[in-house]
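# An overview of the molecular structure
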Amino acid sequence: MADVSAQSFIPETFQGTTVDLTSQIGLLWELIKTPLIVPLLKLAVVICLTMELMLFAERLYMGIVIILVKLFLKKPEKRYNWEPMKDDLEEGSSAFPLVLIQIPMFNEREVYKISIGAACNLSWPADRLVIQVLDDSTDPVIKEMVEKECKRWAAKGLNITYQIRETRGGYKAGALKEGLKRDYVKECEYVAIFDADFRPEPDFLRRSIPFLMHNSKIALVQARWRFVNSNECLMTRMQEMSLDYHFTVEQEVGSATHAFFGFNGTGGIWRIAAINEAGGWKDRTTVEDMDLAVRASLKGWKFVYLGDLHVKSELPSTFKAFRYQQHRWSCGPANLFRKMVMEIVRNKKVNFWKKVYVIYSFFFVRKIIAHMVTFFFFCVVLPLTIMVPEIDVPKWGAIYIPCIITTLNSVGTPRSIHLLFYWILFENVMSFHRTKATFIGLFEAKRANEWVVTEKLGDVLKNKNNKSAKKFNFNIGDRINVTELGFAVFLFFCGCYDYLYGKNSYFVYMFLQTITFSIVGFGYIGTIVPN
């Protein structure tokens, strides 16, 4: 009876070969596959397809709305009260409101002159402009350099102040909050914020401030970022594609439909009264800018996005800097969603549809679902289904809908459409880091409030006379990314299995994704920083 029972559970292909390790693994796989693996994998496929449909619906909605906006909606200057700022010889500068410029920075050796110089060159009466350099640098040499630069511009007649703190409490939010407390800024009505690598055009204030002056309900005017180093390397081109979609579609649609979008933290100008009414800057998450925007919106304030007002900036060109930035940008929104979702639900000042937009579209789909479905479906679930032929992933979910979503994402950067396929592969790699950060934010884990300032290189690599540029840092610990290499091995194995036994030819995608994970894993991506 015992023999009969054993025979019934052991497949014929494995009988008599139990001594062989490979056969034992195969036996174990056959024993657990039907009762355990297949149901779990089926459930994972259903969940992933559901998330993919949610993302597809959101992208389709955004695509339809942006077309309608471009075809039928008037420009912001026509939708709102707006009059150009004019110089009046009789009134002098009294017709211009007093504006505060805040430039937060931290050890910005390579770029500190950029934002200070751009702010000092703004076309605005000098007696109606207060420039505040908020330096949290820990390097005394850099602090001295920044202070000297401020004194140099002050000697030219600019009202520029070099501000430091005893501690870095609250990081950027803490510095901005501390800056607003100073007595010499209490008469300022508006505050423009520029990170150290941002360089606004001289007419920035003349084009943005009229929206605030003539529309009492507008709290924020956000400009579009442009990137001076987008051609630095392939990684910066990939970043440009992602961010251009964000500005071209997401910010434009949010501004046109609900007068709400997430403040980008820089390249924008706020009404100080709106900041104060919303509760000021808070450092409870790593996205203090988004936090303030959501709270101000819940108070009934409106935002305006100006897609034709550009502010130049720098993209992170090293993979390490980019990875830290993406951790902060993914972890922070998830953590903020955890802390504010019920506050949004209970709010009485905004209508039901705006709540749906903020909770579902802005937070849940874009900040959580988008990362998770990219990683779990295309890097984990789909490869695993190759080894379980009992599970059939529909073509519309594995191929057609992802292709449509990718095409919709490409509208922001037409010049890079030939890089679209590699952008997909690179985004799949980065989805691992974004998904991990999202979970950290949702569960408020150990690194939830980790703040690493994004490294800026400025023109350091363009200086041909810099002899150190020939000496590269080949620290194996910085170059090798073990997790990415692990996924490369996993996908290579799945690709080989599909090539030998599969029926859908997914091995083409698997091998290309393996190459991309390997490139990142061995550190051959981005710029190599000189010693």
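Residues numbered from 1 in each chain as written. Predicted model: local features only at pLDDT ≥ 70, side-chain atom pairs only at ≥ 80, totals over all residues. Heavy atoms only, no water.

## Focus on the overall build of the protein chain
Along the backbone of the protein chain there are 17 helices and 8 strands. With respect to the principal axes defined by its C-alpha atoms, the protein chain has extents near 105 × 60 × 40 Å. Out of the 531 residues in the protein chain, the part that is buried amounts to 54%. Taking all contacts inside the protein chain whose residues are at least 6 apart in sequence as the whole, residues at least 24 apart take part in 82%. Accessible area for the protein chain stands at about 24900 Å²; split by element, carbon and sulfur atoms hold 60% of it. A gap of 2 Å separates the mean positions of the 64 positive and 53 negative side-chain charges of the protein chain. (Helix = DSSP H or I, 4+ residues; strand = E, 2+ residues; numbered from the N terminus. Buried < 20%, exposed > 50% of the residue type's maximum accessible area, 1.4 Å probe, protein only. Contact = heavy atoms within 4.5 Å. Areas by Shrake-Rupley, 256 points an atom, 1.4 Å probe, with all protein chains shown as cover. Lys, Arg positive; Asp, Glu negative; His and termini not counted. Charge placed at Lys NZ, Arg CZ, Asp CG, Glu CD.)

## Some words on the pattern of salt bridges
In this structure the tally under the stated criterion is 23 salt bridges. In this structure, Asp 139 and Arg 109 form a salt bridge, with 3.8 Å as the shortest nitrogen-oxygen distance. Of the two residues, Asp 139 is situated in the loop between strand 2 (129–135) and helix 5 (140–154) and Arg 109 in the loop between strand 1 (99–105) and helix 4 (112–120); the sequence distance between them amounts to 30 residues. Here Arg 109 falls in the partly exposed class, since its relative accessible area comes to 38%. In this structure, the salt-bridge partner of Lys 148 is Glu 144, at a minimum N-O distance of 3.5 Å. Of this pair, Lys 148 and Glu 144 both sit in helix 5, 4 residues apart, roughly one helical turn. (Salt bridge = Lys/Arg side-chain N within 4 Å of Asp/Glu carboxyl O.)

## Thoughts on the sheet that holds strand 7 (residues 268–271)
Taken together, the 8 strands give an open sheet; going across it, the order is 3-2-1-4-7-6-8-5, and neighbouring strands pair in mixed fashion. Two strands lie at the open edges of the sheet, namely strand 3 (160–164) and strand 5 (199–200), each paired on one side alone. Note that strand 5 and strand 8 (residues 302–313) share 2 bridges and pair antiparallel. Residue pairing for strand 8: Arg 199 is matched across the bridge by Lys 312. Packed on one face of the sheet, helix 8 (residues 234–257) meets strand 6 (218–227) and strand 8 and runs near 155° to strand 6. (Pairing = 2+ DSSP bridges. Axes fitted to C-alpha atoms, helices over the stretch in contact; angles between N-to-C directions.)

## Topic: the packing of helix 8 against helix 11 (residues 319–346)
Between helix 8 and helix 11, the least distance of the axes is 11 Å, while the angle of their chain directions is 20°. Relative to helix 11, helix 8 is oriented roughly parallel. The hand of the helix 8/helix 11 crossing is left-handed. Side by side, helix 8 and helix 11 meet where Met 235, Gln 239 and Leu 243 of the first sit next to Phe 319, Phe 322, Gln 325 and Trp 329 of the second. Grouping the constituent residues of the contact of helix 8 with helix 11 by class yields 5 nonpolar, 2 polar and no charged. (Parallel < 35°, antiparallel > 145°, perpendicular 65-115°, else oblique. Left-handed = near helix turned anticlockwise from the far one by under 90°. Nonpolar A, V, L, I, M, F, W, Y, C, P; charged D, E, K, R; others polar.)

## Topic: helix 4
Most of helix 4 sits out of view: 7 of its 9 residues are buried. Those residues of helix 4 not exposed but buried are Tyr 112, Ser 115, Ile 116, Gly 117, Ala 118, Ala 119 and Cys 120. On its buried face, helix 4 is in contact with strand 1, strand 2, helix 5, strand 3 and strand 5.

## Some thoughts on the UniProt feature "transmembrane region" (unreviewed entry) in the protein chain
Summarizing the sequence annotation, UniProt attributes the feature "transmembrane region" (unreviewed entry) to residues 43–69, 356–386, 398–426, 480–500 and 506–529 in the numbering used throughout. Helix makes up 100% of residues 43–69 and strand 0%, whereas the separation of the span's terminal C-alpha atoms amounts to 39 Å. Across residues 356–386, the secondary structure splits into 100% helix and 0% strand, with the terminal C-alpha atoms separated by 38 Å. (UniProt positions renumbered as here; feature names shortened; annotations may be inferred.)

## Things to note about helix 8
An α-helical turn contains 3.6 residues, so a residue and the one three or four places further along point in the same direction. Taking 1.5 Å per residue, 24 residues should reach 34 Å; helix 8 reaches 34 Å between its end C-alpha atoms and fits that length. In the structure, helix 8 departs most strongly from a straight axis at His 246, where the bend amounts to approximately 30°. In terms of residue burial, helix 8 counts as a mostly covered element, since 20 of its 24 residues are buried. (Expected span 1.5 Å × (residues − 1). Bend = angle between axes of the 7 residues up to and from the residue.)

## Focus on the UniProt feature "domain: Glycosyltransferase 2-like" (unreviewed entry) in the protein chain
Within the UniProt annotation, "domain: Glycosyltransferase 2-like" (unreviewed entry) is assigned to residues 190–385. Each end of residues 190–385 is marked by a C-alpha atom, and these two atoms are 56 Å apart; helix forms 58% of the span and strand 16%.

## Here's the deal with the nonpolar core
Grouped together as the largest cluster of nonpolar side chains are 142 residues, with contacts concentrated most on Ile 101, Ile 116, Leu 205, Trp 270 and Phe 303. The leading source of residues in this core is helix 12 (residues 352–386), at 18 residues. The residues touching Trp 270, leaving out its near neighbours within four places in the chain, are Glu 189, Tyr 190, Val 191, Ile 193, Ala 219, Leu 220, Phe 263, Ile 275, Leu 292, Ala 293, Ala 296 and Phe 303. In this structure, Val 65, Ile 66, Val 69 and Val 249 belong to the second largest nonpolar core, which totals 7 residues. (Core = buried A, V, L, I, M, F, W, Y, C linked by side-chain atoms within 4.5 Å.)

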